[in-house]
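Observations on chain architecture
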Amino acid sequence: MNPHTETADIARLKALPKAEVHLHLEGCFEAGVIRQWAKLEGLALPRPEEDLFKFSGLADFLGFLDLACGLASTQERMFELSYGLSQRLAASGTGYADVIFNPTHWHAWHGRLGAMLEAIDAGFLAAEQDGLPSVGLCVSLLRTQSADAAIALVETLTSMRHPRVVALSVDGNEATAGRTGPRFAEAFRRAGAAGLRRTVHAGESSGPEGVWDAVELLGADRIDHGVRAIEDAALVDLLAERQIPLGICPTSNLVLGVYPSIQEHPIERLRIAGVPVSLNTDDPALLGASLVGEYSLCRRTFGWTDDITQAVARTSIEASFADAHVKAKLLTSLGSW
Ligand code: ADE
Ligand code: ZN
């Protein structure tokens, strides 16, 4: 594609009505913000600024999240992050996002979940009032937490009933945590019974077995990543048959070493097999991803037509936990893209 055509395509992709369903608040720190806040806190950065976002893999990356989130110690900083995330959504023409937020990374707020939710909510609310896209929060467990801690989080969430919170999530590193589906089954059961939706990171740092557990033990409405399901034909058939959507993040998978090249990424094979796939950025600022960039990458690599692009955008909207009104509005405008 020549540079002119590519610029025109990016503009069309920005105008494509779509949702994002796999995006972490923890992944929305700009390098300049980290530098500025670290300086104010008198904290040395672990490496030179030009190498700050160079990660050797998922474990290194998750450790970095603790450092970055640890700097967000005030209400004002949480506001700046959540408002900034909404601006990022608008820059890609995203109409709605489910945003994952994992309290374990934010050390300054431990033991104050209510205050933390209010601080995040204030940024999203101000953004919505300024005409920026609306956001639902998926509050996340970390894979290494205990069953008791998971149940305690769900009990707190269900007693708070914060209107911003739409789902329970679990993220983190399955390769180091090992099999944890059975450990979290009760917490996810209670979340579902209390009316929360359920989204599960699996099939990124785990193989197909993690995706099986997400479906069979955790009652996942949606899988975050899920790409390694491709290694098990029976699982691919199940995801297609039950229409369980995968929130796929190609650039994240390349940067964190899940696949060596985009040509080897399984999104196209999953899509052709009938699995509902959406495109997402995971941790956009830290991994150098943008939502229009993800669509553009797949169109260039896999030759996606406008019809296929539109179908993937439709999946993103239908798979989201947005309310029926927001979904209907986005689907109507998608029809006339
Ligand atoms: N938390 C933030 N990004 C993540 C990822 N890609 N996998 C697991 N946990 C995460
Ligand atoms: Zn993720």
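The structure contained in this document is the topic of the report that follows. (Residues numbered from 1 in each chain as written. Chains lettered and ligands numbered in written order. Predicted model: local features only at pLDDT ≥ 70, side-chain atom pairs only at ≥ 80, totals over all residues. Heavy atoms only, no water.)

Looking only at helices and strands, one finds 16 helices and eight strands in the protein. Relative to the globule expectation of 20 Å for 337 residues, the C-alpha radius of gyration of the protein, 19 Å, shows essentially globular dimensions. In terms of overall dimensions, the protein has a C-alpha envelope of 50 × 45 × 40 Å along the principal axes. Out of the 337 residues belonging to the protein, those deemed buried represent 56%. Roughly 13200 Å² of accessible area belongs to the protein as shown, and the carbon and sulfur atoms make up 53% of that amount. Between the centroid of the 29 positive side chains of the protein and the centroid of its 42 negative side chains there is a distance of 2 Å. (Helix = DSSP H or I, 4+ residues; strand = E, 2+ residues; numbered from the N terminus. Rg over C-alpha atoms; globule rule 2.2 N^0.38 Å. Buried < 20%, exposed > 50% of the residue type's maximum accessible area, 1.4 Å probe, protein only. Areas by Shrake-Rupley, 256 points an atom, 1.4 Å probe, with all protein chains shown as cover. Lys, Arg positive; Asp, Glu negative; His and termini not counted. Charge placed at Lys NZ, Arg CZ, Asp CG, Glu CD.)

Quick look at the coordination of the zinc ion (ligand 2) now. Distances from the zinc ion (ligand 2) to its protein donors, H22 (NE2), H24 (NE2), H201 (NE2) and D282 (OD), fall within 2.0 to 2.2 Å. What the four donor atoms of the zinc ion (ligand 2) show is an angle range of 83 to 170° at the metal, which sorts the shape as irregular. Positions of the donor residues of the zinc ion (ligand 2) along the chain correspond to the pattern H-x1-H-x176-H-x80-D. For the residue pair H22 and H24, the accessibility class agrees, reading buried in each case. (Donors = N, O, S within 2.8 Å, 3.2 Å for Na, K, Ca; no water. Tetrahedral: all angles 85-135°; square planar, octahedral: opposite > 155°, others 65-115°.)

For the rest of this paragraph, the subject is helix 2 (residues 31-41). All buried positions along helix 2 are accounted for by V33, I34, W37 and A38. In a view along the axis of helix 2, the buried residues occupy a sector of 125°, so they form one face of it. Looking at helix 2, the residues exposed on the side facing more than 90 degrees away from the buried face are K39 and L40. Next to the buried residues of helix 2 lie helix 3 (58-70) and helix 4 (75-91). Positive backbone phi, at 70°, marks G42, one or two positions downstream of helix 2. (Arc of directions from axis to C-beta. Contact = heavy atoms within 4.5 Å.)

With 14 residues, helix 15 (residues 306-319) should cover 20 Å at 1.5 Å per step; its first-to-last C-alpha distance of 20 Å lies within 8% of that length. Within helix 15, the full set of buried residues consists of I308, T309, Q310, V312, A313, T315, S316, I317 and A319. (Expected span 1.5 Å × (residues − 1).)

This part takes up the site of ligand 1. Every residue close to ligand 1 is listed here: H24, L58, F61, L62, L65, D171, G172, H201, E204, H225, D282 and D283. In this structure, E204 approaches ligand 1 through a side-chain N or O atom, which is 2.7 Å from a nitrogen atom. D282 has a polar side-chain atom sitting 2.8 Å from a nitrogen atom of ligand 1. The element best represented in the shell around ligand 1 is helix 3, accounting for four residues. Considering only residue class, the shell around ligand 1 consists of four nonpolar, four polar and four charged. (Near = heavy atom within 4 Å. Polar contact = N/O pair within 3.5 Å; in protein donor to acceptor, adjacent residues only side chain to side chain. Nonpolar A, V, L, I, M, F, W, Y, C, P; charged D, E, K, R; others polar.)

Its identity is not glycine, yet R161 carries a phi of approximately 50°, on the positive side. Along the chain, R161 falls in the loop between helix 6 (147-160) and strand 4 (165-171). A positive phi angle, close to 65°, is found at D282, a residue other than glycine. For D282, the position within the fold is in the loop between strand 8 (277-279) and helix 13 (284-287).

Before going further, it helps to examine the sheet that holds strand 5 (residues 197-202). Strand pairing in a sheet relies on backbone hydrogen bonds, with the paired strands running either antiparallel or parallel. Taken in spatial order, the eight strands line up as 1-2-3-4-5-6-7-8 in an open sheet, and their pairing is parallel. The open sheet has two edge strands with one neighbour each: strand 1 (18-24) and strand 8. Adjacent strand axes in the sheet meet at a mean angle of 25°, parallel and antiparallel pairs treated alike. On top of the sheet, helix 8 (residues 181-193) reaches strand 3 (134-142), strand 4 and strand 5; it is set at about 170° to strand 4, its chief contact. (Pairing = 2+ DSSP bridges. Axes fitted to C-alpha atoms, helices over the stretch in contact; angles between N-to-C directions.)

Further remarks concern the packing of aromatic side chains. Tallying each qualifying case throughout the model produces nine aromatic pairs. Here F29 and W37 contribute two aromatic rings whose centre-to-centre distance is 6.2 Å and whose plane-to-plane angle is 90°, an arrangement assigned as edge-to-face. With a centroid separation of 5.4 Å and 65° between ring planes, the pair formed by F55 and F64 is classed as edge-to-face. Classification of F55 as buried rests on a relative accessible area of 11%. The buried category is assigned to F64, whose relative accessible area is 4%. Sitting above the plane of the W337 ring, R12 keeps its charged end 4.4 Å from the centroid. (Phe/Tyr/Trp six-rings, centres within 6.5 Å; stacked < 30°, edge-to-face > 60°. Lys NZ or Arg CZ within 6 Å of the ring centre and 35° of its normal.)

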